[in-house]
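# What the coordinates show
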Amino acid sequence: MQHDLLSSLDSLLSIPTGVGLLVRDLAGEYRPAVADEVLLAAQQLLAAQVRDSDVMSSPAAVKDFLRTRLGRLPYEVFAVVHLDSQNRVIDYVEMFRGTVSQTSVYPREVVRDALTRNSSALLLVHNHPSGSAEPSPADEHLTQALKAAAALVDVRVLDHLIVTAQSIQSMAERGPL
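Below you will find a few notes about this structure. (Residues numbered from 1 in each chain as written. Predicted model: local features only at pLDDT ≥ 70, side-chain atom pairs only at ≥ 80, totals over all residues. Heavy atoms only, no water.)

### Regarding the overall build of the protein
Filter applied, for reference: Only DSSP runs of H or I with at least four residues qualify as helices, and only runs of E with at least two residues qualify as strands; both kinds are numbered from the N terminus onward. For every residue, the accessible area obtained with a 1.4 Å probe (protein chains only) is divided by the maximum for its type, and the residue is called buried under 20%, exposed over 50%, and partly exposed between those limits. Accessible surface area values rest on a Shrake-Rupley calculation with a 1.4 Å probe, where residue burial reflects the displayed protein chains alone.
Across its full length, the protein carries six helices and seven strands. Each helix (α) and strand (β) of the protein, taken in turn from the N terminus, gives the series α-β-β-α-α-β-β-α-β-α-β-β-α. Each of the 177 residues in the protein was classed as buried or not, and the buried ones make up 44%. Accessible area for the protein stands at about 9,400 Å²; split by element, carbon and sulfur atoms hold 54% of it.

This is how it looks when you write it as structure tokens:
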């Protein structure tokens, strides 16, 4: 389930950050940061803003984090943002990784993870490497299946966000979820 995916806000926050655009190597020398190091530092900063934030009062920070984390991936990732009863972020977990055009998502695993983290609500998230943030019929069906499964254990699904490099589409904003 969480094999090689970076799957927790804690893992992003625990990596030391460089000063400006310089990083220190193992010998203690400073050198210019490479693009991946800059992106990781940006993800750390956004993760810090998202951790324990009230999702309803800081949707921009959550969207920035998701766009930076998932927007340019060449394959689909399905993730869940776990929320407490006050809609504060408990954790961000990348649960499933797929191909360029699809990923398999197992509702049982999503519900099990929500129970493990004592989540009261969930934001479902996945990216579209194609660049189109429009939900497919399969996305809509998956959302309803996950919503029904989570409801059985009193966990609410607040939204399903589809992420691309340029935009994020909220299925809740499009109509009844």
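### Focus on the sheet that holds strand E6 (residues 156-163)
Applicable threshold: Strands qualify as paired when DSSP identifies two bridges or more between them. The angle between two axes is taken between their N-to-C directions and runs from 0 to 180 degrees, where each axis is a line fitted to C-alpha atoms and a helix contributes only its stretch in contact. For this analysis, residues touch if any pair of their heavy atoms sits within 4.5 Å.
Taken in spatial order, the five strands make up an open sheet running E4-E3-E5-E6-E7, and their pairing is mixed. Only two strands of the sheet have a single partner each, and these edge strands are strand E4 (89-97) and strand E7 (168-170). Neighbour-to-neighbour, the strand axes of this sheet turn through a mean angle of 20°, independent of strand direction. Inspection of the sheet shows strand E3 (residues 77-83) paired to E4 by seven bridges, in the antiparallel sense. Residue Val-80 lies in a different strand from E4, and its bridge partner there is Val-93. Of the strands in this sheet, E3, E4, strand E5 (121-127), E6 and E7 touch helix H3 (residues 59-70), which is tilted by about 25° from E4.

### Side note on the nonpolar core
Applicable threshold: Only buried residues count toward a nonpolar core. Its members are Ala, Val, Leu, Ile, Met, Phe, Trp, Tyr and Cys residues joined through side-chain atoms within 4.5 Å.
Of all hydrophobic cores here, the largest spans 19 residues; its most connected members are Phe-78, Val-80, Val-105, Val-110, Leu-122, Leu-124 and Leu-146. Every residue in contact with Leu-146, bar those within four places of it in the chain, is listed here: Phe-78, Val-105, Pro-107, Val-110, Leu-124 and Val-157. One finds Leu-66, Leu-83, Val-163 and Ile-168 within the second-largest nonpolar core, a separate group that totals 18 residues.

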